[in-house]
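Each chain is listed here by its residues.
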Amino acid sequence: MPINPSPSRRGFLKASAATTAAVAMPYVITSKALGDAVTPPASDRIVMAGIGLGNMGSGDQQAFLARPDVQYVAVCDVRKKWRDESKARVDEKYGSTDCAALVDFREVLGRDDIDAVHIATPDHWHSIMTIAACRAGKDIYLQKPETLTLREGPLMIQAARRYGRVVSGGSQRVLEDYRPLVDPCWAGELGTITSIDLSVGPRSMACYLPAVATPPEIDWDLWLGPAPWEPYNPGRCDGNFGTGGNSWRSYVDYSGGSLTDWGAHHFGGTIFAAGLLHLQPTTVTWHPASADGTVAAYITLVYPNGVEIHCNRPATLRPTDAKAVVAQADRGITIRGDGTAVAPVPVPAYRGTGGIYGDFIECVKTRERPFRDLELGVNTMTAPHLVAIAQRLERSLEWDRAAQRFMNDEEANRLLDRARREPWTL
Amino acid sequence: MPFDPTTLDGPFTALAAFEWGGDAAPLGVIDAAVVAAHGDAALTADLEKRLGSVISGATSRAAKDYACRKLSMIGTAASVPVLVPLLTDPDESHMARFALERIPAAAAADALRQALGTVRGDLVIGMISSLANRRDAASVKPLAALLGGDATTAAAAASALGRIATADAAAALAAAKIQPGPVADAVIDARLACADAFLAAGNRGSAQAIYESIAARIGDTPTTHRDRVVRIAAQSGILACLDDTVAL
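Being a predicted model, the structure only gives us computed values, none of them experimental.

S.K.: I'm lost on the overall build of chain A in this one. Help?
M.R.: In terms of regular secondary structure, chain A is built from 15 helices and 14 strands. On C-alpha atoms alone, chain A measures out to a radius of gyration of 23 Å, which is about the 22 Å that the 2.2 N^0.38 rule sets for 426 residues. With the C-alpha coordinates aligned to their principal axes, the bounding extent of chain A is approximately 75 × 50 × 35 Å. The buried share of chain A, reckoned over its 426 residues, is 57%. Taking as baseline every contact in chain A between residues at least 6 positions apart, the subset at least 24 positions apart corresponds to 68%. Roughly 16,300 Å² of accessible area belongs to chain A as shown, and the carbon and sulfur atoms make up 57% of that amount.

S.K.: Would you mind going over the overall build of chain B with me for this structure?
M.R.: Secondary structure summary: chain B contains 14 helices and 0 strands in total. Overall, chain B shows an N-to-C arrangement of helices and strands of α-α-α-α-α-α-α-α-α-α-α-α-α-α. For 248 residues, the compact-globule estimate of 2.2 N^0.38 gives 18 Å, and the C-alpha radius of gyration of chain B, at 23 Å, exceeds that figure by more than 25%. In terms of overall dimensions, chain B has C-alpha extents of about 70 × 40 × 30 Å along its principal axes. Burial analysis of chain B (248 residues in total) assigns 54% to the buried set. Partitioning the contacts of chain B with sequence separation of at least 6, the portion at a separation of at least 24 is 59%. Accessible area for chain B stands at about 10,100 Å²; split by element, carbon and sulfur atoms hold 58% of it.

S.K.: Would you take a moment to explain the sheet that holds strand β13 (residues 397–400) of chain A for this structure?
M.R.: Sheet strands associate in pairs through backbone hydrogen bonding, adopting either a parallel or an antiparallel arrangement. An order of β11-β12-β7-β10-β9-β8-β13-β14 (chain A) is seen for the 8 strands of this open sheet, with the pairing classed as mixed. Strands at the two margins of the open sheet, each flanked by one partner only, are β11 (325–328) and β14 (405–406) of chain A.

S.K.: Teacher, can you tell me more about the interface of chain B and chain A here?
M.R.: Where interface size is quoted, it is often the accessible area lost as the parts come together. Contact with chain B, which involves 49 residues of that partner, is made by 50 residues of chain A. Summed over both partners, the interface of chain B with chain A buries about 4,100 Å², with 54% contributed by carbon and sulfur atoms. Counting every contact that joins chain B to chain A gives 18 residue pairs in polar contact (both at pLDDT 80 or more). Contributions of two or more residues to the side of chain B that touches chain A are made by α2 (25–36), α4 (61–74), α6 (93–100), α8 (122–133), α10 (151–164), α12 (182–200) and α14 (225–242) of chain B. Considering each element in turn, the side of chain B that touches chain A owes the most residues, 8 residues, to α4 of chain B. Of the residues belonging to the side of chain B that touches chain A, the class tally is 23 nonpolar, 14 polar and 12 charged.

S.K.: Looking at this structure, how should I read the environment of Asp9 of chain B?
M.R.: Residues and elements named next belong to chain B. On the secondary structure map, Asp9 appears in helix α1 (residues 9–16). Its relative accessible area of 40% is what places Asp9 among the partly exposed residues. Sequence-wise, Asp9 and Gly75 are 66 residues apart; in three dimensions their C-alpha atoms are separated by 19 Å.

S.K.: Got a minute to help me understand the packing of helix α3 (residues 41–56) of chain B against α4 of chain B in this structure?
M.R.: Two measures define how a pair of helices packs: the angle their axes make with one another and the distance between the axes. Residues and elements named next belong to chain B. In the contact formed by α3 and α4, the axes pass within 9 Å of each other and the chain directions differ by 150°. One element, α3, and the other, α4, form an angle in the roughly antiparallel class. You can see that α3 and α4 cross each other, and the crossing is left-handed. Between α3 and α4, the residues in contact are Thr44, Leu47, Glu48, Leu51, Val54 and Ile55 and Ala63, Lys64, Ala67, Cys68, Lys70, Leu71 and Ile74, respectively. Among the residues forming the contact of α3 with α4, the class breakdown is 9 nonpolar, 1 polar and 3 charged.

S.K.: Is there a simple way to think about the confidence of the model for chain A in this case?
M.R.: Caution applies to low-pLDDT regions: their predicted coordinates should not be interpreted in detail. This prediction gives chain A a mean pLDDT of 90; 90% of its residues lie at or above 70. Counting contacts from residues 1–29 of chain A, a segment whose pLDDT is below 50, to residues more than four positions away or on other chains yields 29 contacts.

S.K.: How should I be thinking about the domain arrangement of chain A in this particular structure?
M.R.: Residues and elements named next belong to chain A. Along its sequence, chain A is carved into domain 1 (7–172) and domain 2 (174–203 + 257–414). Each of domain 1 and domain 2 was reduced to a C-alpha centroid, and the two centroids are 31 Å apart. Both faces combined, the contact of domain 1 with domain 2 buries some 3,000 Å², and carbon together with sulfur accounts for 62% of it. By the criterion of area lost to domain 2, the three top residues of domain 1 are Leu150, Arg161 and Gln172, representing 24% of everything that side buries. At the surface where domain 1 touches domain 2, the tally comes to 5 salt bridges. Here Asp69 ties to Lys365 by a salt bridge, and the two come within 2.6 Å at their closest N and O atoms. Our enumeration of links across domain 1 and domain 2 arrives at 16 residue pairs in polar contact (both at pLDDT 80 or more). Secondary-structure elements contributing two or more residues to the side of domain 1 that touches domain 2 are β1 (46–51), α3 (55–65), β5 (139–142), α7 (152–162) and β6 (167–169). Examining the composition of the side of domain 1 that touches domain 2, we find that 6 residues originate from one element, α7, more than from any other.

S.K.: Explain α12 of chain B here, please?
M.R.: Given 3.6 residues per helical turn, the α-helix brings residues three or four places apart onto the same face. Taking 1.5 Å per residue, 19 residues should reach 27 Å; α12 of chain B reaches 27 Å between its end C-alpha atoms and fits that length. Note on α12 of chain B: the residue one or two positions beyond its end, Gly202 of chain B, has a positive phi of about 90°.

S.K.: How should I be thinking about the side chain of Arg336 of chain A in this particular structure?
M.R.: Tracing the backbone through its elements, the reader meets Arg336 of chain A in strand β12 (residues 333–337). Leaving out residues up to four positions away in the same chain, Arg336 of chain A has contacts with Thr192, Ile193, Thr194, Ser195, Ile196, Asp197, Arg313, Arg318, Pro319, Ala324, Val325 and Val326 of chain A.

Rules used throughout
- Residues numbered from 1 in each chain as written.
- Chains lettered and ligands numbered in written order.
- Predicted model: local features only at pLDDT ≥ 70, side-chain atom pairs only at ≥ 80, totals over all residues.
- Heavy atoms only, no water.
- Helix = DSSP H or I, 4+ residues; strand = E, 2+ residues; numbered from the N terminus.
- Rg over C-alpha atoms; globule rule 2.2 N^0.38 Å.
- Buried < 20%, exposed > 50% of the residue type's maximum accessible area, 1.4 Å probe, protein only.
- Contact = heavy atoms within 4.5 Å.
- Areas by Shrake-Rupley, 256 points an atom, 1.4 Å probe, with all protein chains shown as cover.
- Pairing = 2+ DSSP bridges.
- Buried area = accessible area lost by both parts, 1.4 Å probe.
- Polar contact = N/O pair within 3.5 Å; in protein donor to acceptor, adjacent residues only side chain to side chain.
- Nonpolar A, V, L, I, M, F, W, Y, C, P; charged D, E, K, R; others polar.
- Axes fitted to C-alpha atoms, helices over the stretch in contact; angles between N-to-C directions.
- Parallel < 35°, antiparallel > 145°, perpendicular 65-115°, else oblique.
- Left-handed = near helix turned anticlockwise from the far one by under 90°.
- pLDDT = per-residue confidence, 0-100.
- Domains from an automatic or database assignment.
- Salt bridge = Lys/Arg side-chain N within 4 Å of Asp/Glu carboxyl O.
- Expected span 1.5 Å × (residues − 1).

In structure tokens, the structure reads:
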């Protein structure tokens, strides 16, 4: 990928800035720039831009835009509708027309005045944009799921660490929605965690939708980016939350499906509650369906500490040990412990104010790692990615975390990643 | 239960005529056969031959797209000659790489490397990208030669050398004479990637030399945001090299 802005773009931006400065003389320092009791002075605000401003992106934008310590200066989307709507929100907020509306994310990353970006594109763009943003010195709030393939995660983490960037994953539910699981686990009420049953959705599927005339409001080539070229169809690129065939979340070129999309929350909350967030599974066991079809197939992940996560294990196969302690959330998750005495551990909290968004902004200021640091997001996403590959191959696998490869399975290793469409590269 | 190859005749006939929006049910049979081919050399060879025929035949882009995806899972060196002609076709090049990048055989890497000299425009970047993903050490020399090419290609080549991260790759990057700009930025990113790889492998000396070289180039008073970020990377690297308590 041409990860750096082309000379012409960079030159254009610099020339534009110089021209604007010249025309705007004499410079007037406004009261807004100086700040007040609520709004910090401009020099203390985090200058932000958004990339991908459809459904989740608009929510993220509104959360950041509402903060007095954020100055929002640019929106970027390949769709005119999202571009226009998100720019209008910013302009209304500030009472100006200053917010830049851009199509190509490289123009955002080429601006030296931007401190941080939030990214909420379809998943097939996450790794490329994150790595490019790190190289450009931006901090990043990245919507979940952080990765589309297993190979992407370590490269994204390396870029974040190399350039000292704050990169937060975007799953607010991990701490907030799964609290009924988190609290008893971290309080030691279950003893040592032993096993988990987790209901997960299906993985993404191939897309064979027919070609439809491409509307002028979308830059289709840039929407596809590194994904294989396939014809425009609104069902292929709609950003709704469905995974049944009428959104990009349904399709393998752009998403891992419900397994990774909702799974980012579901695995995320479970893994956090069970204290597995720094680990990755070592074995992935494929349990085929029974020959008579009465028992469905399921997957078991085993972590290095022995904890098992059973994904969609049929209820008839689940243990009924009366000694087991069970925390039951309303989301199809059961965590079992052995009931032994375990010292309570304080549950980590967000920094700053304003939930996961405030946590990110606070860390941008302090340079601490955020609650949902990228590495934790990558570890979490490894689990559903492993499940997807085992489901696809219908066999058990062994995962070597250090090597980031499957052991003794060359075919599985083929599925670690995929070729990106030129000119995009990791 | 062994897979009966004769059940594939109909689905492959359907695949040969497949267009986006068409009936995808026959493709599901082929999907299942590809999974069932694990450990079944005869079925694998049969499927590979059938998929190759789809690619070589007068079939649609959608059919070739599908066949390349399946060959990416089961293809061997035998598929390389079938895929190579697609590499120069702007419509098909990516999907040919989709397969070749994943085929472990050396012949696949050879084909991608040779294509560096035969394809044009963005397709060159595609070859570079796939060779980088394969971390193909044999590609260091031809990639280094591209550092002097057009800016987009040179930046991609630099990035690829950073992914390969061998001593030869690091040397090629260090020797590059690039004017300040996007390509120089890509070379620095790649050199930092090499240094990080060396440090992770316990080769502190080589890593430190790169970090110090980059830090010296930036100087103590970086003037741009990008230079400040690079300085952070280089100085952090130097500290990590000097810190014996850092586990490698």
